[in-house]
Amino acid sequence: MSGLLNHCILQVVLDTPLHAVFDYRWPCAAAERPQVGQLALVPFGRREVAGLIVGVADSSDVPEDKLKDALAVRSQLSPLSPQWLALASFAADYYQRPLGEVALPGLPKNTRLPTTVALDRALKKLAKLDTAHDGTPLNVPALNPAQQQAADAIGGAQGYLPTLLHGVTGSGKTEVYLQACAQVLAREPDGQILILVPEINLTPQLEGNIRARFPGVMLATLHSSLSEGERMLHWLAAHQGRARIVLGTRLAILASLPALKLIVIDEEHDPSYKQQEGLRYSARDLAVWRARQLAIPIVLGSATPSLESWQHAQSGRYRLLTLRERAVQNAVLPRISLLDMERDKPQDGLTSALVAALRLRMERGEQSLLFLNRRGYAPVICCEACGWISNCHRCTAYMVLHRPEHRLRCHHCSLEMRIPRHCPDCGNVDLQPLGRGTQRVEEGLQQLFPDARILRIDADSTRRKGSAQAAFDSVHRGEVDILIGTQMVAKGHDFKNLTLVGILNPDTALFSQDYRASERLFAQLMQVAGRAGRAGQSAGGSVSEVLIQTRYPQHPLYGSVVRHDYDNFATALLEERQQAALPPFLYQALLRAEAPELATAVEFLTQARDLLAHPDVTLHDPIPMSMTRVHNVDRAQLLLEAASRPLLQAFLKEWLHLLRTVKTRVKWSLEVDPVDI
Ligand code: ADP
Ligand code: ZN
Ligand code: ZN
């Protein structure tokens, strides 16, 4: 090798399933070498793709004639920081994926294109924006003592300090976050703050609050409904350190934030912090890792913390701060009652007690919310003459009746068809809907309350961009008497004039096989119940109400809900988990396999199970997934368990190494810390 190098070797990772670093030659003078953390455009197969430079070297083991030239280095974009690379490497390592498959999809698409037109345009646009920064908060309300203590504890924290903020619904956690943010902005002249929310529909509400509070601070939002152009701009604002507050959904955890000083995770228990495809990461867990790596405080807020976080708070790994009361003067937690559906038989899905409560709200001019976590008109239609039911012929699932759209739809493979006029098997014209979804409840309500202004909010009613926001706005403006919706309406929203919440059909979750079902049901019920009575004394002067329709009023879970008793519920559940040796007292991974035939998938998993053994790692028998077939593909899974996380990690690494050498047509993927088993 000659001493006078006129080129260097770029070591690059790419968005491919291959666990490899690729070498490319790049002509440059020694002083002008690209840096680690920069992006480069390189030839890969017949394509030109963006890669991330993870090393710059003098030489390569690749023979000279095989070595290809990199095509361009994106020098206009400052390098990603070593801390960001460490985050991506940790995520790749922990979730057992190649670094390139984690790092590159974490960047905006417009940084990864063969041309730089979009990138250059965004850079130019950002350069033109006002650089003035003023972290002074406006219109700061006085906190109550518990809030003040929490805000000071979070805002004044130094170094790695995870805090669990356990505050009942309406206790003013948002205000605590905002005032803690104000303290950090005042103390750290260049500091950045990351705030995560679980649900995209919650970003506008919080975004509005942040802008009103900090008009002189640049705010960037990152979530999945941004256009690529917007995402590029917001990501860059964060990457350049100009956006001081970054608000986003789970994907924002991979944002480049060179001056990050505080992380806030609102509703930390929410399942949507877990990515359910591709890199199945937990944004909450990565956030905690990121905070520790940077030695900064992190706050996890919830009315119903995840058992994982609760356990950490109990063991002292997290500091626990508690807000026991609602923040607004005179606002108290709603009274929760159970309506026994065996005694008070529902008509059109509503018991007479719930109808009476709705009528009372109508008379008083107050708002009501009905919660039913099932969209569509009816989950299935059937023929009473021959027993035919509307199965999806591609999935282990029913086709759901969507009456307003005159369609049957599979919610899993999106197969759609017209509603058959007669039974496909026997010709009977009298096909009946079974069960009810939000559309059917809406229809029943319209007949019961012809004068009421009724609004349904679910994934179907909010397909158009912006329509969800418009719907929530009209509720806030008081243009709705009865709101009916799925979990979309249950989380986080601060409805001021809502004094009644009716919960229609929560029982199914009581008997689920998923050991997390009761934790989730409890959280969901407390969340939706928490939408009621947030603004204090109602016009009628009464306490607001939550009515839960159930066939099992004696069930202990409902008892805890009625008493608003998270602490005892969580403690009992943790004890159960410990006795049954379940997470968080045990660590799990799940290998999934997909094949046209179930037997092929199971066979592959059996082969996988027999590849490697360890006395302290349990590999269970492969089983079909509970929804076995989706879109003509059969799915099976293999569960791995160990009492130690490092041990499981080490085992997985070795095991996957072997697994990757198995020749198979089965599509497989591994999930670490699975939540749906
Ligand atoms: P949480 O997120 O804990 O459910 P929010 O942050 O949405 O609660 O606050 C509930 C309501 O209480 C909001 O309307 C908020 O404006 C109000 N609020 C918060 N803190 C105070 C306070 N110190 N004084 C009066 N109202 C407050
Ligand atoms: Zn029939
Ligand atoms: Zn289907």
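Residues numbered from 1 in each chain as written. Chains lettered and ligands numbered in written order. Predicted model: local features only at pLDDT ≥ 70, side-chain atom pairs only at ≥ 80, totals over all residues. Heavy atoms only, no water.

### Points about the nonpolar core
Burial of nonpolar side chains together is a common tendency in soluble globular proteins.
Here is step 1 of the chain: L640 and W655 are the most contacted members of the largest nonpolar core, which totals 119 residues.
Here is step 2 of the chain: Here this core takes seven residues from helix α1 (residues 82-94), the largest share from any one element.
Here is step 3 of the chain: Among residues more than four places away in sequence, those in contact with L640 are Y587, Q588, A589, L591, V617, T618, L619, L648, F651, L652 and W655.
Here is step 4 of the chain: Of all hydrophobic cores here, the second largest spans 29 residues; its members include C181, V184, L206 and L321. (Core = buried A, V, L, I, M, F, W, Y, C linked by side-chain atoms within 4.5 Å. Buried < 20%, exposed > 50% of the residue type's maximum accessible area, 1.4 Å probe, protein only. Helix = DSSP H or I, 4+ residues; strand = E, 2+ residues; numbered from the N terminus. Contact = heavy atoms within 4.5 Å.)

### A few points about the pattern of salt bridges
Here is step 1 of the chain: This model, assessed by the stated rule, comprises 41 salt bridges.
Here is step 2 of the chain: The partner of R516 in a salt bridge is E308, with the nearest N and O atoms 3.2 Å apart. In this pair, R516 sits in the loop between β23 (498-503) and α13 (517-529) while E308 sits in helix α9 (residues 307-315), placing the two residues 208 residues apart along the sequence.
Here is step 3 of the chain: Between D610 and R609 there is a salt bridge whose closest N-O contact spans 3.2 Å.
Here is step 4 of the chain: A relative accessible area of 54% means that D610 is categorised as exposed.
Here is step 5 of the chain: On the basis of relative accessible area, R609 is assigned to the partly exposed category, the value being 21%.
Here is step 6 of the chain: A cluster of three or more residues bridged by salt bridges with shared partners is formed by R375, E405, R407, R409, E416, D460 and R463. (Salt bridge = Lys/Arg side-chain N within 4 Å of Asp/Glu carboxyl O.)

### Observations concerning helix α4 (residues 145-155)
Here is step 1 of the chain: Residues of α4 that are buried include every one of Q147, A150, A151, A153, I154 and G155, and no others.
Here is step 2 of the chain: The secondary structure elements touched by the buried residues of α4 are β7 (161-167), α5 (173-187), β11 (260-265), β12 (297-302) and β13 (319-323).

### Points about the pairing of strand β27 (residues 623-630)
Here is step 1 of the chain: Two strands pair when backbone bridges link them, and β27 and strand β28 (residues 633-642) are joined in this way by four bridges, in the antiparallel orientation. Counted as the bridge partner of R629 is D634 from β28.
Here is step 2 of the chain: Here β27 folds back onto β28 in antiparallel fashion, the turn holding two residues, of which H631 has a positive phi close to 55°. (Pairing = 2+ DSSP bridges.)

### A few points about the coordination of the zinc ion (ligand 2)
Here is step 1 of the chain: Looking at the metal site, the zinc ion (ligand 2) is ligated by C383 (SG), C386 (SG), C423 (SG) and C426 (SG), spaced 2.3 to 2.4 Å from it.
Here is step 2 of the chain: For the zinc ion (ligand 2), the four donor atoms in the first shell make angles of 103 to 113° at the metal, a pattern classed as tetrahedral.
Here is step 3 of the chain: By relative accessible area, C426 is classed as partly exposed at 40%. (Donors = N, O, S within 2.8 Å, 3.2 Å for Na, K, Ca; no water. Tetrahedral: all angles 85-135°; square planar, octahedral: opposite > 155°, others 65-115°.)

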